[in-house]
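Working through the structure, step by step
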Amino acid sequence: MTRAFLVLGGTGDLTGRLLLPGLAELVDAGIVAEPLEVLALSQENWSDDEYRAWARERLAEHAAHVPEASRERLVAGLGYRHGDVTVAADLRAGIERTGGIPVIYLALPNTVFLPALEALTEAGVPEGAVVAVEKPFGRNLADARALNAVLHRLVPEERVFRTDHFLAMQTVLNILGLRFANRMFEPVWNAQHVERVDIVFDETLGLEGRAGYYDTAGALKDMLQNHLLQMLAVVAMEPPAALDARSLAARKADVLRAVRSPEDMGRDTVRARYTAGRVGDRELPDYTAEDGVEPDRGTETYAEYTVGIDNWRWAGVPFRLRSGKALGADRHEIVLRFRPVPHLAFEQGTAAGGQVEPDVLRLRLDPDGIGLELNLNGAGDPFELERRSLEVELPPARLSAYGLLLHELLAGEAALSISDVEAEQSWRIVEPILAAWAADEVPLLEYPAGSEGPARG
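Please read these numbers as outputs of a predicted model, since none were measured by experiment.

1. Here we look at the side chain of Ser417
Its place among the elements puts Ser417 in the loop between α12 (401-410) and α13 (420-438). A polar contact is formed between the side chain of Ser417 and the backbone nitrogen of Arg162, at a distance of 3.0 Å. Those residues in contact with Ser417, other than ones at most four positions away along the chain, are Val160, Phe161, Arg162, Leu167, Lys252 and Glu422.

The structure is reproduced here in structure tokens:
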């Protein structure tokens with residue numbers, strides 16, 4: 001397992017909120033050999049001790065679930081170097097200080113990826129080094145291709161780790177076990193039996209001070225271009241020969257190549273942003289009144305689109321992806337709605353007098369769980385049906401999603417990484433939507449904070 005970890009942008013929010021807590025989990029679980037050497041490189045003119053003090057504060061805030069003794073063991077191995085991530089000499093000095101074959105993690109804003117990678121290419125990296133890049137991978141298809149070209153000059157594709165923490169979520173990983181380790185599901189996992197698939201990530205959170213990033217990205221780029229398309233790929237892919245990086249990447253890429261962008265943008269896509277309202281016990285202002293927001297930019301806080309997959313398994317099945325902020329309830333789930341039975345002998349319908357609904361499988365994220373909604377014989381009249389839901393709540397995973405990603409990264413495994421083809425295909429899918437929205441072919445709707453989202457006529 002690699003022990004040298006070089007973080008470019010080591011004083012940023014991503015490092016303090018996710019990377020350091022994830023590494024602390026690995027130390028606490030005894031997964032990494034101690035001491036784990038972590039060198040942060042950033043523009044603050046700090047000493048090692050000043051950086052350790054900063055890291056200690058971040059860990060106390062974001063890794064309170066990790067015992068203090070384990071956090072301190074991580075802090076003891078932290079080092080810091082002042083430098084510019086776009087200057088080859090500074091990067092070369094950082095790499096030399098690690099003294100080993102490093103994992104180089106770009107915990108940087110998206111706009112800095114390309115100059116940082118070009119500087120790394122000039123600096124040179126040790127044989128066997130791994131380069132990790134955060135999402136969003138590029139700002140458009142051309143940008144993603146340019147980043148891939150620079151990365152491939154720097155290290156082989158198998159030494160690139162494009163992170164998406166949704167792939168490490170317990171329920172997303174459980175799709176693999178549910179489908180490929182249970183004979184009862186895979187035979188009905190196709191267009192013959194599945195009517196539609198919804199992939200939903202609704203949040204009650206508002207902007208939460210992230211205008212600097214979010215107002216230039218919006219819900220489509222922040223969630224639907226990457227996270228939710230990755231979930232679609234896992235749900236819809238063909239069975240892999242093995243659960244290794246190459247097999248999983250190939251099967252996911254096949255799905256994304258087959259995804260057809262929305263044909264009717266006005267019908268198949270929705271964009272909206274929240275206005276003032278109440279979410280739980282919080283009063284939220286209009287999105288355009290949030291600090292750092294430029295109202296004329298027209299950034300959406302709710303995005304939805306429906307696509308088809310042009311292959312044998314899924315032809316004709318709509319896949320709807322949606323995500324929004326400041327909604328009335330958190331809803332994080334993948335929903336497979338099955339087709340009705342070909343003939344229903346229960347003429348009376350349900351015990352409540354309603355129509356018989358088809359079976360529904362819900363895969364829930366945060367908290368993780370699985371629900372299967374079925375029709376069963378009624379308790380009062382056996383010739384009437386009652387709707388029942390079989391529920392299981394999954395126990396918490398030992399590691400957080402970032403902890404698991406970092407474990408894979410340090411171990412040199414790339415099964416949870418996004419391939420170059422996937423990164424480019426994801427942009428290929430959403431670019432027509434972005435173009436239609438930029439041209440105002442789809443109206444920017446509004447919805448009150450705390451509501452169910454935009455009303456559609």
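2. Side note on the sheet that holds strand β5 (residues 130-133)
With respect to topology, six strands assemble into an open sheet ordered β3-β2-β1-β4-β5-β6, the strand pairing being parallel. The outermost strands of the open sheet, each flanked by one partner alone, are β3 (78-82) and β6 (160-162). Between one strand axis and the next, the sheet turns by 20° as a mean value, whatever way the strands run. Relative to β3, strand β2 (residues 37-42) is paired through five bridges, and the arrangement is parallel. Residue Leu39 lies in a different strand from β3, and its bridge partner there is Gly79. Packed on one face of the sheet, helix α1 (residues 13-28) meets β1 (4-8), β2, β3 and β4 (102-106) and runs near 170° to β1.

3. Some words on the environment of Glu333
Checked against the element boundaries, Glu333 lands in strand β14 (residues 331-338). C-alpha of Glu333 to C-alpha of Pro395: the two residues are 62 residues apart in sequence and 17 Å apart in space. Not counting residues up to four positions away in its chain, the partners in contact with Glu333 are Asp198, Ile199, Val200, Arg362, Leu363, Arg364 and Leu365. A distance of 2.6 Å separates polar atoms of two side chains, one belonging to Glu333 and the other to Arg331. For Glu333, the side chain forms a polar contact with the side chain of Arg362, separated by 2.9 Å.

4. Comments concerning empty space enclosed by the protein
Here the structure, examined in full by the defined rule, presents two cavities of 30 Å³ or more. Each pocket or cavity is described by its volume, and for the largest cavity that value is around 110 Å³. As for the largest cavity, its lining consists of 14 residues, of which Phe137, Gln225, Asn226, Ile418 and Ala423 are closest to the centre. If one sorts the elements of the lining of the largest cavity by residue count, α13 sits on top with four residues. Residue composition of the lining of the largest cavity, grouped by class: five nonpolar, five polar and four charged.

5. Describing the nonpolar core
Residues Phe5, Leu8, Leu74, Tyr105, Leu106, Phe319 and Leu361 are the most contacted members of the largest nonpolar core, which totals 143 residues. Looking at which element gives the most residues to this core, the answer is helix α9 (residues 227-236), with eight residues. In terms of domain composition, this core takes at least three residues from each of domain 1 (5-134) and domain 2 (167-395 + 418-448). Contact partners of Tyr105, with chain neighbours within four places excluded, come to Phe5, Leu6, Val7, Leu8, Leu14, Leu19, Ala132, Glu134, Thr163, Tyr402, Leu406 and Leu409.

6. Some points on the domain arrangement of the chain
Split by domain assignment, the chain resolves into domain 1 (5-134) and domain 2 (167-395 + 418-448). When each unit is reduced to the centre of its C-alpha atoms, the spacing between domain 1 and domain 2 is 34 Å.

7. Describing the UniProt feature "binding site: NADP(+)" (unreviewed entry) in the chain
When the UniProt feature table is mapped to this numbering, "binding site: NADP(+)" (unreviewed entry) covers Asp84, Val85 and Lys135. Cross-referencing the annotated residues with the lining of the largest cavity gives Lys135. With respect to the helices, strands and loops of the structure, Val85 is situated in the loop between β3 and α4 (88-98). Owing to a relative accessible area of 10%, Val85 belongs among the buried residues under this scheme. By secondary structure assignment, the location of Lys135 is in the loop between β5 and α6 (141-154). Among the residues examined, Lys135 registers a relative accessible area of 19% and is labelled buried. When sequence neighbours within four positions are dropped, the list of residues in contact with Lys135 reads Thr163, Tyr213, Asp222, Asn226 and His227.

Reading the values: the criteria
Residues numbered from 1 in each chain as written. Predicted model: local features only at pLDDT ≥ 70, side-chain atom pairs only at ≥ 80, totals over all residues. Heavy atoms only, no water. Helix = DSSP H or I, 4+ residues; strand = E, 2+ residues; numbered from the N terminus. Polar contact = N/O pair within 3.5 Å; in protein donor to acceptor, adjacent residues only side chain to side chain. Contact = heavy atoms within 4.5 Å. Pairing = 2+ DSSP bridges. Axes fitted to C-alpha atoms, helices over the stretch in contact; angles between N-to-C directions. 1 Å grid on protein atoms, 1.4 Å probe; cavity = no way out; pocket = protein on both sides within 12 Å on 5 of 7 lines; lining within 4 Å. Points joined across faces, edges and corners; volume = space filled by probe spheres on them. Nonpolar A, V, L, I, M, F, W, Y, C, P; charged D, E, K, R; others polar. Core = buried A, V, L, I, M, F, W, Y, C linked by side-chain atoms within 4.5 Å. Buried < 20%, exposed > 50% of the residue type's maximum accessible area, 1.4 Å probe, protein only. Domains from an automatic or database assignment. UniProt positions renumbered as here; feature names shortened; annotations may be inferred.

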